[in-house]
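Here's the letter readout for the chains.
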Amino acid sequence: MGPIQIKQILECKIGTQVVVKGWVRTKRESKNAVFIAINDGSTIHTIQAVAESGQINEDTLRLITTGSCVRVVGLLVASAGAGQAVEVKIEEVEVYGTADPDHYPLQPKKHSLEFLREIAHLRPRTNTFSAILRIRHTLAFAINQYFNDHGFFYLHTPIITASDAEGAGEMFRVTTLDLNKLPRTDEGKIDFKEDFFGRETNLTVSGQLEGELGAMALSKIYTFGPTFRAENSNTTRHLAEFWMIEPEMAFFELEDNMNLAEDFVKYVIGYAVQHCADDLEFLQKRLEEEEKSKPQNERSMPLLEKLNFVISNAFERVTYTEAIDILLKSKPHKEKKFQYDVAWGIDLQSEHERFLVEKHFKKPVILTNYPRAIKSFYMKQNDPNPAEPGATVRAMDVLFPGIGEIIGGSQREDNYDKLVTRMHEVGIEPEALWWYLDTRKFGTAPHAGFGLGFERLVLFVTGMGNIRDVIPFPRAPKSAEF
RNA sequence: UCCUAAAUAGCUCAGUCGGUUAGAGCAUCUGACUGUUAAUCAGAGGGUCGCUGGUUCGAGUCCAGCUUUGGGAGCCA
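Residues numbered from 1 in each chain as written. Chains lettered and ligands numbered in written order. Predicted model: local features only at pLDDT ≥ 70, side-chain atom pairs only at ≥ 80, totals over all residues. Heavy atoms only, no water.

**Observations concerning the overall build of chain A**
Looking only at helices and strands, chain A features 14 helices and 16 strands. Summarising its shape, the C-alpha atoms of chain A cover approximately 85 × 60 × 45 Å along the three principal directions. Here chain A, with 482 residues, has 48% of them falling under the buried criterion. Look at the contacts in chain A between residues 6 or more apart in sequence, and 68% of them connect residues 24 or more apart. (Helix = DSSP H or I, 4+ residues; strand = E, 2+ residues; numbered from the N terminus. Buried < 20%, exposed > 50% of the residue type's maximum accessible area, 1.4 Å probe, protein only. Contact = heavy atoms within 4.5 Å.)

The following block contains the structure:
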């Protein structure tokens, strides 16, 4: 199906007649020969096509520049030069599309990531971004594979939702109303009965609630789809549109949930290490170059070493109460180096999480049993524990070095009365989520689940520093060009 | 949204105390050389110094506002 790609061509036997179709990375001319490095994105490697001087006519040769697209027909031969095992001896060359060197922004040189963000339509043609996109694909594939192998069903939860009670953040409004001529009710409010769905609708901030409905029928489901948050977040870890993986399992308690999260993350990272060796090696070298400008003590582990470390070591599991204890006894707390005070009941700040993960444990950490007051209404309430100053819920956050929270999850409250009471306490109308509450009314069951930010996973695996560089076309405040 | 730094050639940056004609490397073009590896060497072209206003005899440089971007914080995945 379709032409053979460079990845396969590089593995063909010498003497094979091949057709190479791809984009020119560099062209080098010498007295006796012309060298063209071609890449088609199937691999990080280029294939070198060689022609005798004068073999390609002047007019055609002039059009072969960095960024142009070509088709080359020739024989795969052992390379006469060092640097590559095989090359294509050109018999015929055709230029599909030119790329005027005066205007094509990608030059055969290093570009800053900031500049490449401004040309997001072309940056997949760079080594760095094609490597990231191949790794991103591989991780997505591994995720589906893992869940399929473990008896999960891929549930497609809705993108458009009428529930604004999920409490996961600001939402994007979905409407077909004419914004210049909004229909009004008698009280002067916007009349959403006139809107497409006959009610207020938004883009989803989480598929969890619907995911729970699926788990209460299929036992184990997962969602993997786009998620939207209209928060005015300007950080290297946030996007307005991102992809989230949300497994939800009946008959899973918190412990099972943690075991699954850890096994799952290790599997998908391991899958990428196994299947993206070339790309990861390239990114590792790139990072090492970048780190050269940093002082010795700030340099981090080589990328592959870091990934293997995470795969082969057990995540540290501590309760929120234990974590607060560690922080209270920590040096930065005693020396008042933390910007935010530590006390039982606070929501842990970035600096606290970083201390626990990067300084204290030096490995991924799963924090559990957070105070009820700082967590969502749907989390299962723990029985009172004399060792804990206040009420807690069966929540779990998986914290990764450099990324922070990569997974947030919990065992869910399966007791109807407790759930309704909690909803009243936090100001959510139970009537609005009557369908959600029905699962607790009819055949309720212990169950649990979590949400994994896909881009944060890609960020960790690729070693990149900004989340806008691990999604093809990032959506962020004041930024939706491509 | 807050804090902070920045914006000068296609890209990455330098530009001293406010002073004459705006600097480099890479890229591009031309030539030389070479089974080359992001080739090398020589030369050439390339600038509304983010925008608006102000201070000044004189502003890339100082001041104010705005815009955009980087980093950090909050919100979270």
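There is more to say, and it comes next.
**What about a nonpolar patch on the surface?**
Residues I159, I160, F196 and F197 make up a contiguous nonpolar surface patch of roughly 380 Å² in combined accessible area. Tracing the chain through its elements places I159 in the loop between β6 (153-154) and β7 (160-161). (Patch = residues over 30% accessible without salt bridge, like charges linked within 9 Å, V, L, I, M, F, W, Y side chains within 5 Å. Areas by Shrake-Rupley, 256 points an atom, 1.4 Å probe, with all protein chains shown as cover. Salt bridge = Lys/Arg side-chain N within 4 Å of Asp/Glu carboxyl O.)

**Concerning the domain arrangement of chain A**
Entries for chain A in the domain assignment read domain 1 (6-107) and domain 2 (125-170 + 205-469). Between domain 1 and domain 2, the contact holds ten residues from the first and eight residues from the second. Interface of domain 1 and domain 2: buried area, both sides summed, is about 760 Å²; carbon and sulfur atoms make up 47% of it. In terms of surface lost to domain 2, no three residues of domain 1 exceed R25, I44 and L106, which account for 61% of the buried area on that side. Put simply, domain 1 and domain 2 have zero salt bridges between them. The interface formed by domain 1 and domain 2 contains six residue pairs in polar contact (both at pLDDT 80 or more). Grouping the amino acids of the side of domain 1 that touches domain 2 by side-chain chemistry returns four nonpolar, five polar and one charged. (Domains from an automatic or database assignment. Buried area = accessible area lost by both parts, 1.4 Å probe. Polar contact = N/O pair within 3.5 Å; in protein donor to acceptor, adjacent residues only side chain to side chain. Nonpolar A, V, L, I, M, F, W, Y, C, P; charged D, E, K, R; others polar.)

**So, helix α13 (residues 434-441)**
Turning to α13, its buried residues number three or more, namely Y436, L437, T439 and R440. The buried residues of α13 occupy an angular sector of 140° when the element is viewed end-on, so they sit on one face. At its buried positions, α13 is contacted by α5 (208-218), α12 (416-426) and β16 (447-453). (Arc of directions from axis to C-beta.)

**Considering the sheet that holds strand β10 (residues 220-228)**
Here eight strands make up an open sheet; going across it, the order is β6-β10-β11-β16-β15-β14-β13-β12 and the pairing mixed. Of all the strands in the sheet, the pair left with one neighbour each is β6 and β12 (316-319). For β12 and strand β13 (residues 365-371), the ladder comprises four bridges, and the chain directions are parallel. By the bridge assignment for β13, R317 is matched with I366. (Pairing = 2+ DSSP bridges.)

**Points about the side chain of T368**
With respect to the secondary-structure elements, T368 resides in strand β13. Of note is the side chain of T368, whose polar atom sits 3.3 Å from the side chain of N369.

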